[in-house]
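# Structural features, examined
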Amino acid sequence: GVALENLLVVILEKENITIGENDATELGVLSNKLLKNNIIDKREKNRIMLAAKYRNLASHANKGRVTRNDSKTIYTEIFNLASSYFEI
């Protein structure tokens, strides 16, 4: 989850959108800024928020197969977002 938050912050900074010292860095707030500035579309915002839900589920679950699968979902969103933005 922290990696996804950091990725969104990096994208915002590369687009010269400042994040104040006291601004929230929650995924919802960051993804809203990206959406409002036409950096991502509604579908991508929904994927980010879905990854946030999986992160929350994984952090409150017992370790095991389900947590690994939730983590893979979050990783996939990080990879998709990074590869589309940075064209890798």
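Residues numbered from 1 in each chain as written. Predicted model: local features only at pLDDT ≥ 70, side-chain atom pairs only at ≥ 80, totals over all residues. Heavy atoms only, no water.

## Looking at the packing of helix H2 (residues 27-36) against helix H3 (residues 42-59)
Between H2 and H3, whose axes approach to 10 Å, the crossing angle comes to 170°. As judged from the angle between their axes, H2 and H3 are roughly antiparallel. Where H2 abuts H3, its residues Leu27, Gly28, Ser31, Asn32 and Leu35 lie against Lys42, Lys45, Ile48, Met49, Ala52 and Arg55. When grouped by side-chain class, the residues that make up the contact of H2 with H3 number five nonpolar, three polar and three charged. (Axes fitted to C-alpha atoms, helices over the stretch in contact; angles between N-to-C directions. Helix = DSSP H or I, 4+ residues; strand = E, 2+ residues; numbered from the N terminus. Parallel < 35°, antiparallel > 145°, perpendicular 65-115°, else oblique. Contact = heavy atoms within 4.5 Å. Nonpolar A, V, L, I, M, F, W, Y, C, P; charged D, E, K, R; others polar.)

## A closer look at the confidence of the model for the chain
Caution applies to low-pLDDT parts of the model: their predicted coordinates are not meant to be read in detail. Per-residue confidence for the chain gives a mean pLDDT of 87, with 92% of residues at or over 70. Ranking the helices and strands of the chain by mean pLDDT puts H2 first, with 94, and helix H4 (residues 65-86) last, with 85. (pLDDT = per-residue confidence, 0-100.)

## A closer look at a nonpolar patch on the surface
On the surface, Val10, Phe86 and Ile88 cluster together to form a nonpolar patch covering roughly 270 Å² of accessible area. Here Ile88 is to be found in the segment after H4. (Patch = residues over 30% accessible without salt bridge, like charges linked within 9 Å, V, L, I, M, F, W, Y side chains within 5 Å. Areas by Shrake-Rupley, 256 points an atom, 1.4 Å probe, with all protein chains shown as cover. Salt bridge = Lys/Arg side-chain N within 4 Å of Asp/Glu carboxyl O.)

## Quick word on the nonpolar core
In globular proteins that are soluble, nonpolar side chains generally tend to be buried together. Grouped together as the largest cluster of nonpolar side chains are 18 residues, with contacts concentrated most on Leu4, Leu7, Leu8, Leu27, Leu34, Ile48 and Leu81. Among the secondary structure elements, those contributing two or more residues to this core are helix H1 (2-14), H2, H3 and H4. At six residues, the largest contribution of residues to this core is made by H1. Leave out the neighbours within four places in its chain, and Leu7 touches Ile78, Leu81, Ala82 and Phe86. (Core = buried A, V, L, I, M, F, W, Y, C linked by side-chain atoms within 4.5 Å. Buried < 20%, exposed > 50% of the residue type's maximum accessible area, 1.4 Å probe, protein only.)

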